[in-house]
Amino acid sequence: MKTINFSAENGIATLTLDLPGRSMNLLTPEFMADLDEAVDRVAADDGIKGAIVTSAKDAFLAGADLMWLVNQFDSPATPAERLESNMALSNVFRKIETCGKPFVAAINGTALGGGLELTLACHHRIAAKNPSLVLGLPEVKVGLLPGAGGTQRLPRMIGVQKALELMTQGTHLRLDKALELGIVDAVVPPDELMKAANAWLDGSPNAEQPWDKKGFRIPGGGGAMHPAAVQTFIAGSAMVARETQHNYPAPLAILSCVYEGTIVPIDTGLRIEAKYFTKLMLDPVYRNMTRTLFINKGLADKLARRPEGVPKLQVKRLGMLGAGMMGAGIAYVSAKAGIDVVLLDRSVEDAERGKDYSAKLLAKQLERGRTTQDKADALLARIKTTDNYDDLADCELVIEAVFESRDIKADVTHKTEAVISDTAIFASNTSTLPITGLATQSKRPGSFIGLHFFSPVDKMPLVEVIVGEKTTDATLAQALDYVQQIRKTPIVVNDSRGFFTSRVFGTFTNEGMALLKDGVKPALIENAAKMAGMPVGPLAVTDEVTQELVHKVHVQTAADLGDDYDVPSAIDVAEKLLELGRKGKRFGKGFYDYPEGEKKRLWAGLAELYPPAAEQPPVEEVEKRLLYRQAVETARCIEENVLTHPADGDIGSIFGIGFPPYTGGALSFIDTIGVAEFVAECDRLAKAYGPRFTPPESLRQMAARGEQYYPRADKGAERSAA
Ligand code: NAI
């Protein structure tokens, strides 16, 4: 046994989970085989009366090895073989509870997914009072369900409704809540954990689970057997359908497992669970979500794109130019990460207004008990307001978020460079102006970079890092260090108009307006976007960024590019609304009306401006236009080397643009459809709606060569994690 240390003393066996060479215990095929062997040993040895399962690492067991899980999608195994292999772990857990000897889980640290399921299969659970310990079944977040007995044991322990809530949301529980729910039986100080586990076994406990006893009833009733439980399933299915729009199969599969599995004996229930688990493992949603949201996002957080050999930068003092919406947010997240911030605006009063933003956020957190007065005071004390550039002298990094105007940005760049040190980095938070152009105003363009934040900064996890033509590797490396310091996720892109995220986001809003021009009813456009999985419809989101801004960007781009400008096909729609004074949400009206104290409503006047066609397209066609348009633009960003790695495109499209997470991002979306099929469909869309859908040449070539953005796992998985 390589992954479990087996020892026996005074008739009690201790199985200590300890995966060699890993910082955490994970469920791997090797671990499953070792556990099987260990349980057999306990069962067969007459000298052993019971066993303790614990871990040698900080966490108890954190769930499956995600890399292994992702690669399973391309496994050549047949569905029947997959079903059997998915039953394997469940069978070992079942053996624990039926082998006749009592098992106690001594939960020393976090137990998630298969880790918690292992403890549920034990006859008793004692946890160490460890403040960082969490318990949960988060499989739904990677598009799966708890496939090692979780969907069967949890409802049998705590009732159908509570179990469904935890499993369909993937909630992480703190110990007090887990104890209250009855998921753990006792909580003891960490140094008494093993003593307590031994003491429980010394009490000659019964080695039978409640659900294996005659006459067992599920608390509150199971499946269709109890009116309250039936209500739970009816309401649960409706809620899941509304929240997932049927794009995420896992929550419904969890409901089915519990509904079907809790009216039959547990052995049958476990087979039902394995059947649904296998079905989910054959669906690309789990592969896409796991790869982008966990594996590749994890790598981005660890700065996978950081050039090597550059000393790590720890920003102690940040200069923040502009204390408007963005500057105020960046100042807050930086101060929260322990950085001293010099917040500069045109006047101290303006800067103070920016600092007030932090004060307001903190007041809210205090009200909700999420921070303490001391912590809030300390954070605010780190933000110093000023209108004097001399105060920037010691900053290692200065970020500008002044008005989106080249002249103003040039002016603040000159004034800053006059006072900062030669090694300091200057970053622009511009959302549209190419970095290389802005850097021409810098005396040291090598130290000039784009750090594009998203609004609201304190909530949005992404920062798009833009490398200008002259930006050095050292500047990139240290800008990434700062992004990590403030605990955001970076993607790295090369300079281009609108970079990656603003450019693709623009195609989404434009397509919404193009649909309107084509006579598609506004409600159909907005609903189709949501059904496709976008968080907000294209018309609503245009109102949010404002028609005014859309127009400004258009004018600036036209002036910069002249004849080279590929004018957005529906810019006239935004201009028309602007002309009518419907400038956007901030101004009280746009595509929607925003009556005081009421929900927004689509503006009835749109029907006159853009009369609906007599025949409306099927919703699938509208969804397709909205998603394919973004995906084809992302493919162009790869062709033009704006994106150098598919993972950046996928992470950026989900966290920066709101592309639906179930797709794994815009490029995984193309892979999942099939590159050749996607190209053919884009050709059809181009013919029907315009050349903006024409697929880039490189994508055609990929289709011809049978390639995709992420090679199949059975053909070498290196790039899938890159
Ligand atoms: P804002 O209008 O809320 O704030 C701009 C701030 O800059 C104001 O407080 C203004 O007083 C200050 N300012 C103007 N000229 C100045 C000067 N010469 N010296 C010092 N301070 C000066 O604008 P917002 O929305 O915060 O945008 C700022 C920048 O961030 C723009 O470049 C914008 O394109 C970019 N951006 C905006 C996003 C958004 O969602 N609003 C998202 C990402 C980037």
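Values in this document were obtained by computation on a predicted structure and should not be read as measured data. (Residues numbered from 1 in each chain as written. Predicted model: local features only at pLDDT ≥ 70, side-chain atom pairs only at ≥ 80, totals over all residues. Heavy atoms only, no water.)

Participant: Mind showing me how you'd approach the domain arrangement of the chain here?
Facilitator: One widely used convention gives an interface's size as the accessible area the parts lose upon coming together. Segmenting the chain into domains produces domain 1 (4-282), domain 2 (317-497) and domain 3 (502-641 + 645-705). In this structure, domain 2 and domain 3 have C-alpha centres spaced 29 Å apart. Residue-level contacts link 15 residues of domain 2 with 13 residues of domain 3. Between domain 2 and domain 3, the buried area comes to about 1,200 Å², and carbon and sulfur atoms account for 54% of it. Counting the surface domain 2 buries against domain 3, the share from its top three residues, Leu462, Ile491 and Arg497, is 39%. The interface formed by domain 2 and domain 3 contains 2 salt bridges. For the salt bridge of aspartate 560 with arginine 406, the shortest nitrogen-to-oxygen distance reads 2.7 Å. Taken together, the links from domain 2 to domain 3 amount to 5 residue pairs in polar contact (both at pLDDT 80 or more). Broken down by element, the side of domain 2 that touches domain 3 gets its largest block of residues, 4 residues, from strand β17 (residues 489-494). Residue composition of the side of domain 2 that touches domain 3, by class: 7 nonpolar, 6 polar and 2 charged. (Domains from an automatic or database assignment. Contact = heavy atoms within 4.5 Å. Buried area = accessible area lost by both parts, 1.4 Å probe. Salt bridge = Lys/Arg side-chain N within 4 Å of Asp/Glu carboxyl O. Polar contact = N/O pair within 3.5 Å; in protein donor to acceptor, adjacent residues only side chain to side chain. Helix = DSSP H or I, 4+ residues; strand = E, 2+ residues; numbered from the N terminus. Nonpolar A, V, L, I, M, F, W, Y, C, P; charged D, E, K, R; others polar.)

Participant: What should I look at first to understand the nonpolar core in this one?
Facilitator: One recurring pattern in soluble globular proteins: nonpolar side chains tend to sit buried together. Leu15, Leu35, Leu118 and Ile183 are the most contacted members of the largest nonpolar core, which totals 75 residues. Top contributing element to this core by residue count: helix α11 (residues 266-281), with 7 residues. Aside from chain neighbours lying at most four places away, what touches isoleucine 183 is Leu116, Leu120, Arg125, Leu154, Met157, Ile158, Leu166, Leu173 and Ala178. Counting 57 residues, the second largest nonpolar core, distinct from the first, contains Val550, Val675, Leu685 and Leu699. (Core = buried A, V, L, I, M, F, W, Y, C linked by side-chain atoms within 4.5 Å. Buried < 20%, exposed > 50% of the residue type's maximum accessible area, 1.4 Å probe, protein only.)

Participant: Explain the site of the ligand here, please?
Facilitator: The environment of the ligand is made up of 21 residues, and the closest members are Met326, Asp345, Glu404, Lys409 and Ser431. Within the side chain of serine 431, an N or O atom sits 2.8 Å from an oxygen atom of the ligand. Here the ligand loses 79% of its free accessible area of 840 Å² to cover by the protein chains. Going through the elements one at a time, α13 (325-336) and α16 (406-417) are the ones with two or more residues in the shell around the ligand. (Near = heavy atom within 4 Å. Areas by Shrake-Rupley, 256 points an atom, 1.4 Å probe, with all protein chains shown as cover.)

Participant: Please explain the sheet that holds strand β7 (residues 134-136) as it appears in this structure.
Facilitator: Adjacent strands of a sheet form backbone hydrogen bonds with each other and so pair up, either parallel or antiparallel. Across the sheet, which stays open at both edges, the 3 strands sit in the order β5-β7-β8 with mixed pairing between neighbours. The open sheet has two edge strands with one neighbour each: β5 (111-112) and β8 (172-174). Relative to β7, β5 runs parallel, the two being bridged by 2 bridges. For alanine 111, the partnering residue across the bridge sits in β7 and is leucine 135. (Pairing = 2+ DSSP bridges.)

Participant: Just checking my understanding: could you explain the layout of surface pockets for this structure?
Facilitator: The rolling of a water-molecule-sized probe over the atoms marks out the regions of remaining empty space. Approximately 1,500 Å³ is the volume found for the second largest pocket. As for the second largest pocket, its lining consists of 46 residues, of which Leu26, Gly63, Ala64, Asp65 and Leu66 are closest to the centre. For the lining of the second largest pocket, the secondary structure elements donating two or more residues are α1 (29-44), α2 (66-71), α3 (79-98), α4 (114-121), α11 and α12 (284-301). Tallying contributions element by element places α3 first for the lining of the second largest pocket, with 6 residues. Looking at the lining of the second largest pocket, its residues break down into 26 nonpolar, 11 polar and 9 charged. (1 Å grid on protein atoms, 1.4 Å probe; cavity = no way out; pocket = protein on both sides within 12 Å on 5 of 7 lines; lining within 4 Å. Points joined across faces, edges and corners; volume = space filled by probe spheres on them.)

Participant: Explain the side chain of threonine 557 here, please?
Facilitator: Along the chain, threonine 557 falls in helix α22 (residues 547-561). Relative accessible area serves as the criterion here: at 7%, threonine 557 is assigned to the buried category. Threonine 557 has contacts with Arg497, Gly562 and Tyr565, leaving out every residue within four places of it along the chain.

Participant: Looking at this model, I keep getting lost on the pattern of salt bridges. Mind explaining?
Facilitator: Opposite charge on two side chains makes pairing possible when the charged atoms of those side chains draw close. Throughout the structure, instances matching the rule amount to 43 salt bridges. Two residues, lysine 95 and aspartate 36, come together in a salt bridge whose shortest N-O distance is 2.5 Å. With lysine 95 in helix α3 and aspartate 36 in helix α1, the pair connects residues that are 59 residues apart, well separated along the chain. With relative accessibility at 26%, the residue lysine 95 sits in the partly exposed group. Salt-bridge contacts for glutamate 180 lead to lysine 177; the nearest nitrogen and oxygen are separated by 3.6 Å. Placement of both glutamate 180 and lysine 177 in helix α7 (residues 175-181) is noted, with a separation of 3 residues, approximately one turn of the helix. By relative accessible area, which is 62% here, glutamate 180 ends up exposed. Here the residues in one salt-bridge network are Arg94, Glu97, Arg153, Asp212 and Asp267, joined through shared partners.

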